[in-house]
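Notes for the structure review
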Amino acid sequence: MIIVLAPNADTSAVTAALQGLGLWTRLLTGEEGPGLLEVEPHSSRVPHALIRSIAGVAAIREAKSAHPRVDAMPQTWSLPTRAGGVIELGRETVLIAGPCAVESQQQIRDSAKLVASAGARLLRGGAYKPRTSPYSFAGAGTPALQWLADAAAEHRLGVVTEAMSEMHVEAVAAFADIIQIGSRNMQNFALLGAVGRTGKAVLLKRGRGATVEEWLCAGEHLLVHGCPWLLFCERGVTGIGNETRNTLDLGAVALLHHALNLPVAVDPSHAAGRRDLVVPLALAGKAAGADVVLVEVHPEPARAKSDGPQALLPDQLLELGQKLDLDVTVPRAQDLPPYTSRYPEFYKKSVAERCRQLSTQLGLSPAAQRFLRTGTLDMAIADKMSENVVTTFALPMALGLNFRVNGRDYIVPMVVEEPSVVAAASNAARMVRATGGFRGDATASVMTAQVQFDNVPNVELGAKLIEERRDAIIAAANAAIPRMVARGGGCTDVDVRVLDREIGILVMHLYVDVGDAMGANVVDTVAEHVAPLVREWIGGDIGLRILSNTPLRRICHVECDVGSDFLGGERLADGIARASRFAELDPFRASTHNKGILNGIDAVAVALGQDWRAIEAGAHSYAGLGVDYRPLATWQRTDAGLHGTMELPLAIGTVGGSTQAHPGVRTAMEIIQTQSARELAVVMAAVGLASNLAALRALAGEGIQQGHMRLHARKADLAHGKRGDAA
Ligand code: MEV
């Protein structure tokens, strides 16, 4: 393109304005010029009206492009596939994956399953293979097209396959959603014409020695002959060494995407020629602007008939899908296996495999699957959750397994930095499961609000008035929370205590059933609403109006039996009972004993977005209610082993608070699968009791250091930069 400057135009001002739009220019001189600016070929594409609006630009002369159709091609495209569904190319990151060659019906079926589970939308595989040596495997031929299409259809995948010669174009077009033109055929113009005439979308690989201009011109050939949409695919150009098969030209990827606004894919498999570099190069390609990533994968690369060394292993493909943040298929509810908390050998699997198993067994929503893959909290949400936010801060989310409570299995999400907590609780839950699991119940979710009155002239009279006007106070309290009342909750009781006669301090408690909420806001509202009314009657000053973190009417009880044989013998059972007695006799031990319980409860609380500080405050205050600070859980010997029992207040909710906002909390709620705050409280208490059992078993047996500290050492290694087996 040539830009004609107006007489007296400020050339440098015009040049700067053009650069601001992404246009790079050269001032033509001598016979060509003056007064003409030539726009460099790889500048951004900018509407002419914008250029004309710059002061000093008189006119635009369009230089003839060798590829006007390519220049005008849209960057995005909706591709309906033969298998059903529409792929939004250019609007979502699309993964195309599959083996180099379709080798057998079974091999491509296995590949399709794998490819779908990684979140890919299109299955690739060659029925005809161009090979350097005439003795190499050259593809299974036309039958492979049917195998490929059938395998793709089973998983609603689109099909990408190569047309190598004009002879095959018709057959390929009958099965493919996108026809691939291979690198070696980029300038096979007869083939480009034949493929263009099929009216199919085309993936056009760049020749290994082709310039970008030659590549774009090859695209023009396709468009001229009727191709409706094409995807340029960078697959590496000839490099200067042999460490990698080719050199992935990320500059070309960025140029096509950002400057020329063209759809572009990367093929890191052919670029690298070795599987260990494929994932990093794929991510680099995406970062450079690739809308589509095309990789080779094989269910058993060691047996691949072609290009085995560059084929990803199944796990690597899953990792790539996760890193590209792809949505994986959500199974239908009726196809889901029964919910169980038994996931044997779960710890031996990779993180990707664990997520996949969890997603497929529970049918997790795409949002939950996305959170499992990324573990991230959107900064916009984080910014609303606190003040002065500068970043987010991640911790591991793990699963407490084997839990069975009141006859139902629960997979329990736990967020905690202490390494032994999840394994210990899961292990104890497995032992308890053998005798039927945990049993428990929780009172209604009744929270306590406190209203303090100071300088009350006659505290005895004030207390009496409050008792007498109990019904009026309850009515006033409920008037403040009509929605809670409509949901079946509300204020149910009032009581009053005189704290100091001399200076007239009196405290009124309001008891409010908060249903499935944690309830802090509800009871604080009630306290603030009722206080002025009561002050009218009793005089004095209104003091604090706030919940109590000792909610004595919100108590959870849980118990279990565990056989000595599952514990590891009678001696261990005796040891645990003695450890329990120690805690009953000594507050110094009881605090550590209770800490072990809260290890489990807090981890669940954090995962589920609960106010764990309130839980801690409630648990410790409850433990300290008697003469001495007590253990919350105790263990007694039985003929068969041990009976454990625990009681504590648990103010937790399944609605409101972080539950709604945090994607991790929503994911955890999907995993644990209960909406009832009371049910959840019992499960959390069971996790606490299991944690206590595991701690006492270790302490009564080999001591805490062996297992616990081994895991600590693993974490310390990480802190010092060693990855070791924790990696
Ligand atoms: C460590 O986090 C918890 C324990 O100290 C609990 C206990 O002693 O019971 C092991």
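Here the structure is a predicted model, which means the values were calculated and not measured. Position numbers for residues count from 1 along each chain, tracking the sequence in the order it is written. Given that the model is predicted, a residue must reach a pLDDT of at least 70 before its local features are reported, and side-chain atom pairs must reach 80 or more before they are shown or counted; all residues, however, enter totals for whole chains, interfaces and linings. To obtain the side-chain values, all non-hydrogen atoms of the structure were used and water was disregarded.

Now for the state of the cysteines. Only a pair of cysteine sulfur atoms within 2.5 Å counts as a disulfide in this structure description. All chains considered together, the criterion is met by zero disulfides. Cys 233 provides the cysteine sulfur closest to Cys 100, a residue in no disulfide bond, and the two sulfurs are 14 Å apart. This cysteine, Cys 217, is not joined by any disulfide, and Cys 227 carries the nearest cysteine sulfur, 15 Å off. Given the relative accessible area of 24%, Cys 217 is considered partly exposed. Accessible area is worked out with a 1.4 Å probe on protein chains only. A residue is then buried under 20% of its type maximum, exposed over 50%, and partly exposed in between.

What follows covers the domain arrangement of the protein chain. Taken domain by domain, the protein chain holds domain 1 (2-63), domain 2 (71-323), domain 3 (374-443 + 554-719) and domain 4 (446-547). The domain boundaries here were taken from an automatic or database domain assignment. Each of domain 3 and domain 4 has a C-alpha centre, and the two are 33 Å apart. Contact residues are listed per partner, giving 11 residues for domain 3 and seven residues for domain 4. Accessible area, probed at 1.4 Å, shrinks when two parts are joined; the buried area is that loss added up over both. Both sides of the domain 3 and domain 4 interface together cover about 650 Å² of buried area, and 54% of this is carbon and sulfur. Sorting the residues of domain 3 by area buried against domain 4 places Arg 554, Ala 651 and Val 655 first, and these three jointly supply 61% of that buried surface. When a carboxyl oxygen of Asp or Glu lies within 4 Å of a side-chain nitrogen of Lys or Arg, that pair is called a salt bridge. Our enumeration of links across domain 3 and domain 4 arrives at zero salt bridges. In the analysis that follows, any N or O atom pair within 3.5 Å is treated as a polar contact, provided that within protein one partner can donate a hydrogen and the other can accept it, and provided that, for residues neighboring in sequence, both atoms belong to side chains. There are five residue pairs in polar contact (both at pLDDT 80 or more) connecting domain 3 and domain 4. Gly is put with the polar residues, along with every residue not named as nonpolar or charged; the nonpolar set is Ala, Val, Leu, Ile, Met, Phe, Trp, Tyr, Cys and Pro, and the charged set is Asp, Glu, Lys and Arg. Along the lines of polarity and charge, the residues of the side of domain 3 that touches domain 4 split into five nonpolar, four polar and two charged. Here, two residues are considered to be in contact whenever any of their heavy atoms come within 4.5 Å of each other.

It is worth spelling out the sheet that holds strand β17 (residues 439-442) at this point. Taken together, four strands build an open sheet; the order of strands is β17-β22-β24-β23 and the sheet is antiparallel. One side of each edge strand has no neighbouring strand; the edge strands of this open sheet are β17 and β23 (633-637). In this sheet, adjacent strand axes meet at a mean angle of 10° when their direction is disregarded. Here strand β22 (residues 555-563) pairs with strand β24 (residues 641-649) via nine bridges, running antiparallel. Looking at the pairing, Val 558 lines up with Met 646 of β24. Where helices are involved, their axes are fitted lines through C-alpha atoms of the stretch in contact, as for all axes, and angles between N-to-C directions lie from 0 to 180°. Counting from the N terminus, the helices are the DSSP runs of H or I reaching at least four residues and the strands are the DSSP runs of E reaching at least two. The sheet strands contacting helix α22 (residues 570-585) are β23 and β24, and the helix crosses β23 at an angle near 135°. The pairing criterion is simple: DSSP has to find at least two bridges between the two strands.

Around the ligand lies a shell formed by Glu 418, Arg 589, Thr 592, His 593, Lys 595, Gly 596, Asn 599, Ala 695, Leu 699 and Ile 704. One of the side-chain N or O atoms of Glu 418 is found 2.7 Å from an oxygen atom in the ligand. Between the ligand and Asn 599, the relevant distance is 2.9 Å, taken from an oxygen atom to a side-chain nitrogen or oxygen of the residue. What sets the accessible areas is the Shrake-Rupley method with a 1.4 Å probe; for residues, cover comes only from the shown protein chains. In the complex, 86% of the free accessible area of the ligand, which totals 290 Å², lies under the protein chains. Of all elements in the fold, only α23 (587-607) and α27 (677-700) reach the threshold of two or more residues within the shell around the ligand. For the shell around the ligand, the element with the highest residue contribution is α23, accounting for six residues. Within the shell around the ligand, the residues separate by chemical class into three nonpolar, four polar and three charged. If a single non-hydrogen atom of a residue is within 4 Å of a molecule or strand, that residue counts as near it.

In this scheme Phe, Tyr and Trp rings, the latter by its six-membered ring, pair at centre separations within 6.5 Å, and the angle between planes marks the pair as stacked below 30 degrees, edge-to-face above 60, and tilted otherwise. According to the stated counting rule, one finds four aromatic pairs in the structure shown. On the basis of an interplanar angle of 5° and a centroid distance of 5.9 Å, the ring pair of Trp 77 and Trp 229 is categorised as stacked. Of this pair, Trp 77 sits in strand β5 (residues 77-80) while Trp 229 sits in the loop between α8 (212-224) and β12 (230-234), and the two are 152 residues apart along the sequence. Trp 229 sits in the buried class, given a relative accessible area of 1%. Pairing Trp 215 with Phe 232 gives two aromatic rings, centres 5.5 Å apart and planes at 85°, and the pair type is edge-to-face. In this pair, Trp 215 sits in helix α8 while Phe 232 sits in strand β12, placing the two residues 17 residues apart along the sequence. Looking at Phe 232, the relative accessible area reads 0%, which means it is buried. Only when the NZ atom of a Lys or the CZ atom of an Arg is both within 6 Å of the ring centre and within 35 degrees of the ring normal do we say a charge sits over the ring. Across the ring face of Trp 537, the terminal group of Arg 469 is positioned such that the distance to the ring centre comes to 5.0 Å.

Here we come to the environment of Gly 569. When you line up the elements, Gly 569 lands in the loop between α21 (564-567) and α22. C-alpha of Gly 569 to C-alpha of Gly 641: the two residues are 72 residues apart in sequence and 8.6 Å apart in space.

Okay, unusual backbone geometry next. A positive phi angle is found at Asp 307, which is not glycine, with a value near 55°. For Asp 307, the position within the fold is in the loop between β14 (292-296) and α12 (314-323). Exposure remark for Asp 307: the relative accessible area of 18% places this residue in the buried category. At Gln 673, a residue that is not glycine, the phi angle is positive and equals roughly 55°. The topology assignment puts Gln 673 in the loop between α26 (663-672) and α27.

Among the structural elements, His 67 can be located in the loop between β4 (57-61) and α3 (68-71). Looking at His 67, its side chain comes within polar contact range of the side chain of Asp 71, at 2.9 Å. Those residues in contact with His 67 that lie beyond four places of it in its chain are Glu 213, Leu 216, Cys 217 and Glu 220.

Our focus in this paragraph is the packing of α12 against helix α13 (residues 351-362). Each pair of packed helices gets described by two things: the angle between the helix axes and the distance between those axes. Following both chains from N to C, one finds α12 and α13 inclined at 75°, their axes separated by 9 Å at the closest point. Taken as axis vectors, α12 and α13 run roughly perpendicular relative to one another. Contact residues: Asp 315, Leu 318 and Gln 322 in α12; Ala 352, Glu 353, Cys 355 and Arg 356 in α13. For the contact of α12 with α13, the residue count by class is three nonpolar, one polar and three charged. The labels follow the angle: roughly parallel below 35 degrees, roughly antiparallel above 145, roughly perpendicular from 65 to 115, and oblique for the rest.

A few words now on the pairing of strand β10 (residues 178-181). Burial of the side chains of β10 extends over both faces: Ile 178 and Gln 180 are buried on one face and Ile 179 and Ile 181 on the other. Seen with its strands pointing away from the viewer, a crossover is right-handed if its path from the first strand over the helix to the second goes clockwise. One crossover worth recording links strand β9 (residues 158-162) to the parallel β10 by way of helix α6 (residues 169-175), and it is right-handed. Handedness of the crossover is the feature at issue here: the chain leaves β10, passes through helix α7 (residues 189-197), returns alongside strand β11 (residues 201-205), and the resulting connection is right-handed.

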